[in-house]
Structure formats: C-alpha cells, structure tokens
2 protein chains.
Amino acid sequence: MRKLFLLMFCWPILTQAQINQDSITIKKMSDEIMTNGKAYDLLRQLTKQIGGRLAGSPQQQNAAIWGQRNMAAFSPDKVYMQPCKTPNWQRGGKDFASVVSVNGKAMNRPLAALALGNSLGSKGLIEAELLAVADFDELEKRKAEVKGKIVYYHSMFDPNIIQTFGAYGKAGVYRSTGASRAAKYGAVGVMLHSLSTAPDNAPHTGGMKYDEDYPKIPAVALGPNDAKELYANAKKGTIRVQMQTYGYFLPDADENNVVAEIKGSTFPNEIITIGGHLDSWDVNEGAHDDGAGIVQTMEILRTMKALNYQPKRTIRFVLFANEENGMRGGNKYAELAKQNNEQHVFALESDAGGFTPRAIGISATSPEQFKKMQQWASLLKPYGTEITAGGGGADIGPLKNVNATIVLAGLVPDSQRYFDLHHAKTDVFENVNKRELLLGAVNMAAIIYLVDQYGVPK
Amino acid sequence: MRKLFLLMFCWPILTQAQINQDSITIKKMSDEIMTNGKAYDLLRQLTKQIGGRLAGSPQQQNAAIWGQRNMAAFSPDKVYMQPCKTPNWQRGGKDFASVVSVNGKAMNRPLAALALGNSLGSKGLIEAELLAVADFDELEKRKAEVKGKIVYYHSMFDPNIIQTFGAYGKAGVYRSTGASRAAKYGAVGVMLHSLSTAPDNAPHTGGMKYDEDYPKIPAVALGPNDAKELYANAKKGTIRVQMQTYGYFLPDADENNVVAEIKGSTFPNEIITIGGHLDSWDVNEGAHDDGAGIVQTMEILRTMKALNYQPKRTIRFVLFANEENGMRGGNKYAELAKQNNEQHVFALESDAGGFTPRAIGISATSPEQFKKMQQWASLLKPYGTEITAGGGGADIGPLKNVNATIVLAGLVPDSQRYFDLHHAKTDVFENVNKRELLLGAVNMAAIIYLVDQYGVPK
C-alpha cells in the first residue's frame, strides 16, 4: 500500500477531466491526420521525384533540401540544417553471381545477387568452389575446407519467430560479419541468403563491416528462391560459382540532418525529439525504410501547426542524414546536443516501416517509470496501439550518451511484411498503405502530446 | 465472493501444468503452419488457376471440386458436398458510365463504374441530369427534385473511424438500399462512391437489394477518384450523365458447401465449425474475400492431421458455397444441422481478409461466459492477438437459429487495408502476404484447439 501512495505522490494521477481533455485533443489530432494528412503525398514526392537516397548521393542532398523546404512551409519556429559528414559507398556496377557447374557439369545459371553495402569490389570476375554452411557453427567445424572457396551462409529467417525483428536480429550477424569470419579461414568471397521473409527472388542489400585483421573479400546477398535452390544443390554435390562486384568508397560526403523546431512555452529547455532517417539504400525508393518515418515526422509538425498546438516543451522534428551505412546523422545530432548542453528528455523514432502501428515501445530507465507511462495506454488503445517495454531507434540511440536518463521510444508497426521489402528493390511507394502510414503518425503524435503535457515521470 | 466461487466450480481454473501443455501444443501448431504451411500455395491455386468465383459460375463449381479434392488429400475422417441452390446473377456486359455535359458544356468523360451485384440492367443507355447528395438526409430534403434524375450518393467512408468495419457499416446502407430509396422518388438510376478507403480509382461492386414496392433502377459504384471529382463538380453546376448496365438473373444454380470432418474422440456429438466462403465477386480473384478464409480453414485441417491431433469434439471444416449475394451456403448448412438434430457448440469464421490477425472476436451468450473464455488470452498473445467481445461471420450466423447458446467467433485481422481491395479488381493474390495469412491460421487453430479441449463454458 505504501508503494501505491508513493506512486500517487510522485506522478500525477490524471483526473477524469484531464483524461477527457487529452482524449479530445488526441482525437482532434487523429481526425486532422486521417482526413487532411499529407504524409502519403509527401512520401510519393520523396520516393517518386527523388528516389533512392544513399548517403553521399545527389538524391540524398536533394532529399534534405526537399525536407527543409516542406517543413518550412508548415511554419515551425525554425528550420535548419546540421552539416554532417557521411560515408560515400558506391556500388560501382551491376553485381553479378552465377552457378558455373554442378558436379562438374557445366551450366550458366545466373543468380539474383546484390553486393552488401560497404563491401568492396571483387576486382574482376572470381570463380571458386562453393562451400555452403548452415551457420557459423558449421563454418567453424569445416574451417579446414574454407581456403580458396566462396562461402555461402544459409542465413534464413527463422519463420517460427512471430515478431520478425527477433528473426532479423538472429540472422543479421551473417550479413554484418559473415565476410570477415569466412576470410579468416581463407575464403575468397561470400554469398548469403537475403535477410528476407518473402516468397520471392529479390535480393536484399544492407550494411556490413570488415574486420581489419582479415582480407576484405566481396560479399553478395542472393534472392531467397535462388539461395534456397543453391543450398539444396550444394547438399547434393560440388558446385562452382562466379561472382563480380564493384564496391568502393569515395571520400566522405557532405550531408545534413534537417531539423525543425517548435519552442516550448513552459519548459523551453526540455527537448523532445521525433524523427526518422532520410537516407536509404540505392536499389529502391526507401519507402518503408525510412521514407515512412520521415513523412510521419513531418506530418506531426504539420498537424501541430494546423491545430495551433503550442507545446509546453520544445519539440524537434529531425530528418537524420545517415543511418543505413554509418549512423553518422544520429551521432552528429547527439554530438551537437552535448556541445550545446541541451536537455533532452524524450526521443521517439519511426524506423520499422509504415505499417499498421501495434505499439509504442518505450525504453524507460526503471520499471516504475515504465509503469507510470503505461498509464497512458487507454488513450492510445482507440488508435490500435499499446505501450510496450523496450523501444528506440538507431538515430536517437546516441542521445543516451548526452543524457543517461532520457527516455527513448519507437513506433512499433506490424512486422509481418517488413522484411519482405527491407533493403530490396520492392521497398517502393506502392507497397505503403495510406491509412496504415497515417495511423502511425496519429499514434506518434499522441505519445508526443502526452510527454509534452506531462513530461517523463521520474 | 459467492459469485467467484461459483465461477470456480463451473469453469476449470487451468493449472500451470495445463497452461504449459496448451502453450506447447499451440507452439507446435504455429511452427507447423509457419514452416510448412500450404495456405499460401493453396491460395495461389484458387486465385490463379480458378479465379473469380461468383455463385452460379463454372469457376465456383470448380472451386468446390478443388476444395473437396484438397481437403480429402489431408485425410480427414470424411469429406462431402452439401448441395445448395444459389442465386445466379450475371453482370451481362461491361458496365458503363460517363459525364455528358457540365453546365451545358458537352464533354465525354468516362467514369470508372461497376454495377452493384443483384442490380438489373438499364435496358440500353440512359441519360439524365445528376442529383448529387451527401446522404439520405439530403435525399429526403430534396425529394421533390429527384424525378427523372440519376441520383449520386457520396457514400464515402468516414476516414476518422479507425476500425474500418465501423465505417463500412455506416456507408454500406447506400449500396444495399440506395437504389430503391431513390427510385421511390422517381430516380431513373443510381451512382455511388465505392465503399472504399483507397486513394485510387478502382470501383467496388457488392450486393444490393431492391425494395419490391419501387421500380428496379440500375445502380453502379464509381471509382473513388472519379466519384470525388463528380461530387465536387456537381456542387458547381448542372451535370448530365449516362449509364448502361446489363445485370440479370438466370435460374438458381446448383452449388455445394464442401465439408470435411474429424470426429471427436470424447464428445463426438459436440460440433465445432470453422470456415470461410468459396464464392467471390466476378471482377477479381477473391483473394482476401474470402480465399484467405478458405485456405486458412484448409490449413488448420492439414495441421491437425500432420500433427496427429485427435480432437475431443467433432471438428467441421466448411467451405461455404455462397455468401456474397445470397448467404445461401450458411443457410443450407444451418438448415441441415437443424434437420439432423446436430449439437453445435462453437463456430469460427475468417471472412475479414488475410491480413495480420489482431484479435479473436467472440460473441458469447453472457458477459460471464466471455470473461471465462478471455482467460485464454495469454495463450494467444505470443501470436499477436487478443480476445475481444463480439465476433462471428455471415456464414455461421444462421447456426444461432439451430442452437441459441452456440458461441460464434470471428478472426479479426488488421482492418486498415481491407476496404482498399474489397470487391474491387485489386483483390488479387499479389495483395496477400504469406506470413500474415499463415499467422491468421495459427490463431484460428489456437482458439479451435482450446475450445476443443475445454468446450465452451456455461
């Protein structure tokens, strides 16, 4: 009982009148977004007029200018660029892979392939025998066989993990570290099953990183259908494969975080950040990843201004420059926050697709704090979400180093479709649903409004 | 307190061991479905090899034979056809509508249009002035202006209703009764805004019904974009429009419900029904409506047999013959159930699309009964659903007349996308996601398993 009383003193128990008022304000925001929302049209512009926006590309620079212009049109108190150096990886050509022979029988079977982001070119066509392994355990067991071969990892998603981000977490390590782990034992190239759940053959790119201790061998992801066939054939005999990639780095590029701000009326020094990342991979339109988060962020700015909402705390709407292959945007934002002694209390990111929202995931600093914030759940329920523990985003993560007690949060959309499209050419505008996208913005606006009104509990 | 004790005596409080066992069995079913599920491949066959399946069409007859053959291959105790007469409405031709003039200025602007199901042909091209109304209230106010005109209803979905089935309920009455309500005041034809949430121009058909007291005038649904433009123009001036439709009825057709059954080992007389409907509209592949419900039903049969699950109660897997324009399949199933004195205790339908499941909706016979069934919620939560009050399906509804205490339930998938596709040419296989479809089957299997194990509480 004592604990309950403490809770009551520390954190305002909302009166019914307050709850009603909050519910009315959130409904107004929802109606404004669902009826007049511009997020879908903005996404069409970003994807169709600008297109894929890999850090360092002219498209990425255009996207920042577009973001600045469009946010300025919604009349926040200020909009500005935060210059930021980003990696400048170039794919450099059309990646190629094929099966040359099976059990000595010649064939010429091209494989749908995409070089992994940050991987270096093969310096010409390379050909070698394939060593196909289920996982790193098998690689370790067969390390004596690796030398001179191209290693294939059957890095499939576990279909039985219902929340696909869990499966991505498990499989993702093959993309990020698979090349160097094979190079350690003398492999000359790496292929892997795309990190995808789709029953199709689109290869999925994505970031990788070399271990400086080993040769930097080329690495490609294969389309799911080709990958499964290759793995099945590898069980039956000896396969020779070819691959050619062209990746290289130009000097770091000049990009920008784009920041819009509405100054708080009561606690102007307390900063709430909301954002997504502008960059995408080069092979698609970056519609779900992360055009969705970008236009949802802009939508909330638009809505607050359209409804003449004057926040108590300062709200920042941030289009981060670079997440996919460097996290430089988020790092720059946090670096400047530290430099300027800013007081960041809450940050929310949308970077898990523009699908129907299921939850606002919150990384609180204590179970008690989480429980207090979870009292807002009934206000979100009509809009399809709950408040769950654990959440954030790559771009806002570095803010934890600025303020250890910041509360980080993430929009949690339904995850069943996401890895069908993620980093593949299929991540295009046509695969985003207007209502789902807008409903995400509604739920983001609702949690931002509540944090603005009540702050984060201690 | 007394009430609580009663509750405890009437309904077993599951022991931890039981909950663990149930959780293991449900996980086994989930793994079987998510790894080896055939629902997606079956849906490809149904949509691509057979196609649209309006009651009375050869495709619908082929679909029943296909359903019988495929369910038989999963080795239930029996599979049989239940012959059933269905309406046999024919579209009869390519529906046509256009704007002829605006404020006397001639133009020839075709409108994307589809005749409503069951509506009769226009007997040639008709041309008339348009009377555009927001709703029935406006129609009543302007009833003196209706005579000789073509009435347009701006039957848009309310975008602010987050659960789209709520918006469908409100707008649907214009499709079902709009023609006769306009004919009552002398209208010669009816156009309406498709019952759609999509930002596109695909017209959506769907069932309507004439009031026998008034002339049976032709009725078409317009594509959303054309409808909005027409309504905006109608505010500004006088519009003349043309329309031509060809609908007619052939004598009732011979179709079949397809029923597979696994006999219960302990309570064979208690029947649990699970199903969807085989028929669809003629203009699409009926992928979400209701190919999804059909293949999910078949998937659960497959899974139970694959896992050697021997149910305590008798489980029926039913592919209903006709829902869209007559409900004859469900009526026939209930009629035979009554004739045969069958004891139906629970029925579950999937007929709201193959999207990510959000809930199992249950129409219990009392709040107490609902609360008891809701105790199963923690077993469904890992698979993304909750247990909510209210649920069922058109095809299983008539079972209520066989047993007033039957519990009806429905799979509740996410509803944001459904009315973008529903009854439009866009309801095709490509718009169904494999994991979402399979996850629906997982949740259906889970609730069927629990009802089979514990029955429905009193």
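Predicted model only: the values in this text are computed from it and were never measured.

All names here are of chain B. Strand order in the open sheet made by the eight strands is β1-β10-β12-β11-β13-β16-β14-β15, with mixed pairing throughout. This sheet does not close on itself; its edge strands, each paired only once, are β1 (78–90) and β15 (386–389). Going from strand to strand, the sheet's axes swing by 25° on average, the running direction of each strand aside. Pairing geometry for β1 and strand β10 (residues 248–262), over twelve bridges, is antiparallel. Looking at β10, one finds that Val79 is bridged to Ala260. Running at roughly 5° to β10, helix α4 (residues 58–73) makes contact with β1, β10 and β12 (313–320) of the sheet. Each of β13 (343–349), β14 (357–363), β15 and β16 (407–413) touches helix α10 (residues 367–374); the most contacted strand, β15, lies at about 170° to it.

A few words now on the relation of the copies chain A and chain B. Placing chain A over chain B gives an RMSD of 0.0 Å and needs a rotation angle of 180°, together with 0.0 Å of translation along the axis. Considering both components of the superposition, the chain copies are consistent with a two-fold axis. A shared binding surface is used by both copies, with 100% of the interface residues of chain A retained as interface residues in chain B.

Time to look at the pairing of strand β8 (residues 219–222) of chain A. Residues and elements named next belong to chain A. Going residue by residue along β8, you find Ala219 and Ala221 tucked away on one face and Val220 and Leu222 tucked away on the opposite face as well. In this structure, strand β4 (residues 113–115) lies alongside β8, joined through three bridges in antiparallel fashion. By the bridge assignment for β8, Leu114 is matched with Ala221. With four bridges joining them, strand β7 (residues 189–193) and β8 adopt parallel strand pairing. Directly across from Leu192, in β8, lies its bridge partner Ala221.

With that settled, consider the environment of Glu212 of chain A. Mapped onto the fold, Glu212 of chain A is located in the loop between β7 and β8. Reaching out from Glu212 of chain A, the side chain makes a polar contact with the side chain of Lys216 of chain A at a distance of 3.1 Å.

Turning next to the domain arrangement of chain A. It is common to give the size of an interface as the accessible area that goes away when the parts come together. Residue and element names in this part refer to chain A. For chain A, the assigned domains are domain 1 (2–88 + 251–454) and domain 2 (92–246). The distance between the C-alpha centroids of domain 1 and domain 2 comes to 35 Å. The interface of domain 1 with domain 2 comprises 13 residues on the first partner and 20 residues on the second. Note on domain 1 versus domain 2: buried area summed over both sides is about 1,400 Å², and carbon and sulfur give 59% of it.

Glancing now at the pattern of salt bridges. When their charged atoms lie close together, side chains carrying opposite charge are able to pair. All names here are of chain A. Per the counting criterion, the structure on display carries 50 salt bridges over all chains. With a closest N to O distance of 3.9 Å, Glu129 and Lys149 form a salt bridge. Remark: Lys149 occurs in the loop between α5 (136–141) and β6 (150–153) and Glu129 occurs in strand β5 (residues 126–133); sequence separation between them is 20 residues. The exposure class assigned to Glu129 is partly exposed, which follows from its relative accessible area of 30%. Owing to a relative accessible area of 15%, Lys149 belongs among the buried residues under this scheme. Residue Arg358 is joined to Asp414 by a salt bridge in which the shortest nitrogen-to-oxygen separation is 2.9 Å. Note that Arg358 is positioned in strand β14 (residues 357–363) and Asp414 in the loop between β16 (407–413) and α12 (418–421), a separation of 56 residues in sequence. A relative accessible area of 18% places Arg358 in the buried class. Residue Asp414 is classed as buried on the basis of its relative accessible area, which comes to 8%.

With that out of the way, let us pick up the interface of chain A and chain B. Taken residue by residue, the interface counts 32 residues in chain A and 32 residues in chain B. Roughly 2,700 Å² of surface becomes buried between chain A and chain B when both sides are summed, with 42% attributable to carbon and sulfur atoms. When residues of chain A are sorted by the area they lose upon contact with chain B, Ile162, Arg417 and Arg435 of chain A head the list and together hold 27% of the total. Joining chain A to chain B, the criterion identifies four salt bridges. With a shortest N-O distance of 2.8 Å, Arg417 of chain A and Glu436 of chain B are connected by a salt bridge. Here chain A and chain B share 18 residue pairs in polar contact (both at pLDDT 80 or more) between them.

Below, the discussion takes up the packing of helix α8 (residues 287–306) of chain A against helix α13 (residues 434–454) of chain A. All names here are of chain A. In the contact formed by α8 and α13, the axes pass within 9 Å of each other and the chain directions differ by 55°. Taken together, the axis directions place α8 and α13 in an arrangement best described as oblique. Read as a crossing pair, α8 and α13 show a hand that is right-handed. Across the interface between the two elements, Ala292, Val295, Gln296, Thr297, Glu299, Ile300 and Met304 of α8 pack against Leu437, Leu438, Gly440, Ala441, Met444, Ala445 and Ile448 of α13.

Further remarks concern α13 of chain A. All names here are of chain A. Taking 1.5 Å per residue, 21 residues should reach 30 Å; α13 reaches 31 Å between its end C-alpha atoms and fits that length. Counting buried positions along α13 yields 20 of 21 residues, so the element is predominantly enclosed. If you check the start of α13, you find a side-chain oxygen 3.1 Å away from the backbone N of Arg435, and it comes from Asn433. Positive backbone phi, approximately 70°, marks Gly455, located one or two places after α13.

What counts and how
Residues numbered from 1 in each chain as written. Chains lettered and ligands numbered in written order. Predicted model: local features only at pLDDT ≥ 70, side-chain atom pairs only at ≥ 80, totals over all residues. Heavy atoms only, no water. Pairing = 2+ DSSP bridges. Helix = DSSP H or I, 4+ residues; strand = E, 2+ residues; numbered from the N terminus. Axes fitted to C-alpha atoms, helices over the stretch in contact; angles between N-to-C directions. Contact = heavy atoms within 4.5 Å. Least-squares fit on C-alpha atoms with pLDDT ≥ 70 in both. Buried < 20%, exposed > 50% of the residue type's maximum accessible area, 1.4 Å probe, protein only. Polar contact = N/O pair within 3.5 Å; in protein donor to acceptor, adjacent residues only side chain to side chain. Domains from an automatic or database assignment. Buried area = accessible area lost by both parts, 1.4 Å probe. Salt bridge = Lys/Arg side-chain N within 4 Å of Asp/Glu carboxyl O. Parallel < 35°, antiparallel > 145°, perpendicular 65-115°, else oblique. Left-handed = near helix turned anticlockwise from the far one by under 90°. Expected span 1.5 Å × (residues − 1).

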